[in-house]
Amino acid sequence: MTNDDSATSHDVIVVGAGMSGVVAARLLADAGLRVVVLEARDRIGGRMHSDRSAGFPVDLGASWIHGIEDSRLAELVQALEIPTLEFTVGSFQAGGRPIADFDGEGRRMTADASARWVADVDAADRAVAQEIEAASPGDTYLDVTERALDRLERLPDAMDPERIDEIREFFRHRVEEQCGAWIGDLDAHGVDEDAIDGDEVIFPRGYDELPARIAAGLEVRLAHVVRRVGRDPRGVRVETDRGTFSAAQAIVTVPLGVLKAGTIAFEPPLPEAVAGPLARLGMGVFNKVFLQFPARFWEDGVYAVRALGEPGEHWHSWYDVSAISGRPTLLTFAAGPFGRRIQGLSDEEIARDATAALRALYGDGIPAPSAHRITRWGEDPYAQGSYSYLATGSSHHDHDALAGPVDGVLHFAGEATWGAEPATVGGAYASGARAAERVLGRPADLTAFAAGIRAVAS
């Protein structure tokens, strides 16, 4: 293969080999179109990245299917017979599965105290829902949560200030983990779509098995960094650092952060119908910190450890992911402004700081981690963040409007373009299928899609 592919013509160019890109490319190739996928990285998967260097998979990017009930993504995983483990809990859920809660003094809460905490959050969530329904354009999630907490403080049987502050902190952390953003930057409607139906699952063999299986047999050009996408009524020309490709149509699936950074030039410039949503939507930062310990020191049978109040100001939730490696391992998160700030620290400094937060709960006798793994998605040039969020002044419609099409030849896909389920692999999957359907001019048969992937494997 030469570096200059300008003489090579394809029916469709797909930019990006993440979930949405490989789904779109597979559907189009199965329909008989000539498709090439251009990927800047040296691997397939994008923000689905399973590191197996330790002898077991560590999902540095996406980890979960958030709710398998009526999920097309879960149906695909089942059809491909990819094994999963049930792991239904999130720190944005006050209850759910067993959680070891610690109070503002760093003491393990009793079952009754945890139950009261869950009831407190439930009452606050109902009040927030009412405030969101009455919200005005430009209101932030901080605005509606503060109004809701103010109402709760004025009730005859009002919670005490400490309980209110714990809920306030919980709302901030929920926005950080769900959106990778500060609560004051999120639109009042920013978590409207975050309901979970059914169990959540993780992937013991690594989540990136899914895009790798879908991409098998496709023409994927790795290490091709796209610099420019030009278009006219005849089609598109995509310039990379290793040559130029031409096609009748293109589907651009790079993360929202890359689009916002302007590292890909569009000529002519994108119209307001797409450029407006691109400017309004936000790109959050959500980093993972895996701490492996020589011995388990936390309770058996809990899905997560959670610190309320001051002990959980920064490091507040730890998830027991030992089942993947067979070794005692906790996963915690640094998201939003805190997630951006820790990217300036060394891995060792981050691991020490997170471990110190655990010692505030379990005592100074807990061992130092025997290994750690830390992500920096905000510094990744091919991601520029972790996933999209509804920034103040944007709307759910902006997600879908970002998909285009533009001049009938340029389409966009990816989690940021799917308004019903943004910031998820499920959204990426659905958006890739929609982009392929728009190119083909007909609905995609996702049952046949799964069968075709199985056939390639056999």
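Residues numbered from 1 in each chain as written. Predicted model: local features only at pLDDT ≥ 70, side-chain atom pairs only at ≥ 80, totals over all residues. Heavy atoms only, no water.

A closer look at the overall build of the protein chain
When helices and strands are tallied, the protein chain shows 14 helices and 20 strands. The C-alpha radius of gyration computed for the protein chain amounts to 23 Å, which stays within 12% of the reference 23 Å derived for 458 residues, consistent with globular compactness. If one aligns the C-alpha atoms of the protein chain with their principal axes, the spans along those axes are about 70 × 50 × 40 Å. Here the protein chain holds 458 residues, and the buried ones make up 57% of them. In the protein chain, the proportion of contacts linking residues at least 24 apart, taken out of those at least 6 apart, comes to 74%. Total accessible area on the protein chain stands at roughly 18,400 Å², and carbon and sulfur atoms take up 50% of it. With 44 positive and 70 negative side-chain charges, the protein chain shows a separation of 5 Å between the mean positions of the two kinds. (Helix = DSSP H or I, 4+ residues; strand = E, 2+ residues; numbered from the N terminus. Rg over C-alpha atoms; globule rule 2.2 N^0.38 Å. Buried < 20%, exposed > 50% of the residue type's maximum accessible area, 1.4 Å probe, protein only. Contact = heavy atoms within 4.5 Å. Areas by Shrake-Rupley, 256 points an atom, 1.4 Å probe, with all protein chains shown as cover. Lys, Arg positive; Asp, Glu negative; His and termini not counted. Charge placed at Lys NZ, Arg CZ, Asp CG, Glu CD.)

Structural notes on the packing of helix α1 (residues 19–30) against helix α13 (residues 425–440)
It is the contact of α1 with α13, at a shortest axis distance of 7 Å, that shows an interaxial angle of 35 degrees. The crossing of α1 and α13 is right-handed. Judged by residue contacts, M19, S20, V23, A24, L27 and L28 of α1 engage V425, A428, Y429, S431, G432, A433, A436, V439 and L440 from α13. Taken together, the residues of the contact of α1 with α13 sort by class into 12 nonpolar, 3 polar and no charged. (Axes fitted to C-alpha atoms, helices over the stretch in contact; angles between N-to-C directions. Left-handed = near helix turned anticlockwise from the far one by under 90°. Nonpolar A, V, L, I, M, F, W, Y, C, P; charged D, E, K, R; others polar.)

Quick word on the UniProt feature "binding site: substrate" (unreviewed entry) in the protein chain
In the numbering used here, UniProt assigns the "binding site: substrate" (unreviewed entry) feature to F333. Mapping F333 onto the fold places it in strand β17 (residues 329–335). Judged by relative accessible area, which is 5%, F333 ranks as buried. Apart from the residues within four sequence positions on either side, F333 is in contact with W64, E177, F286, N287, K288, W315, S317 and Y319. (UniProt positions renumbered as here; feature names shortened; annotations may be inferred.)

So, the domain arrangement of the protein chain
When the domains of the protein chain are assigned, the result is domain 1 (10–47 + 206–280 + 393–457), domain 2 (50–93 + 198–205 + 284–379) and domain 3 (113–179). Just the C-alpha atoms count here: the centres of domain 1 and domain 2 sit 29 Å apart. Listed as interface residues are 22 residues of domain 1 and, on the opposing side, 20 residues of domain 2. Buried surface at the junction of domain 1 and domain 2, summed over both partners, amounts to about 1,700 Å²; 63% is from carbon and sulfur atoms. (Domains from an automatic or database assignment. Buried area = accessible area lost by both parts, 1.4 Å probe.)

Focus: empty space enclosed by the protein
The tally for this structure, following the rule as stated, stands at 2 cavities of 30 Å³ or more. Put simply, the largest cavity is a space of about 90 Å³. Every element with two or more residues in the lining of the largest cavity is listed here: α5 (161–179) and β15 (304–307). By residue class, the composition of the lining of the largest cavity is 4 nonpolar, 5 polar and 3 charged. Volume-wise, the second largest cavity comes out at about 70 Å³. Looking at the lining of the second largest cavity residue by residue, the classes come out as 9 nonpolar, 3 polar and 2 charged. (1 Å grid on protein atoms, 1.4 Å probe; cavity = no way out; pocket = protein on both sides within 12 Å on 5 of 7 lines; lining within 4 Å. Points joined across faces, edges and corners; volume = space filled by probe spheres on them.)

Digging into the environment of R376
Assignment of secondary structure puts R376 in the loop between β18 (371–374) and β19 (387–389). Classification of R376 as partly exposed rests on a relative accessible area of 23%. For the pair R376 and F286, spaced 90 residues apart in sequence, the C-alpha to C-alpha distance is 8.3 Å.

Section: the confidence of the model for the protein chain
With 96% of its residues at a pLDDT of 70 or more, the protein chain has an overall mean of 93. Every residue in residues 1–7 is under pLDDT 50, and counting partners more than four places away or in other chains gives 16 contacts. (pLDDT = per-residue confidence, 0-100.)

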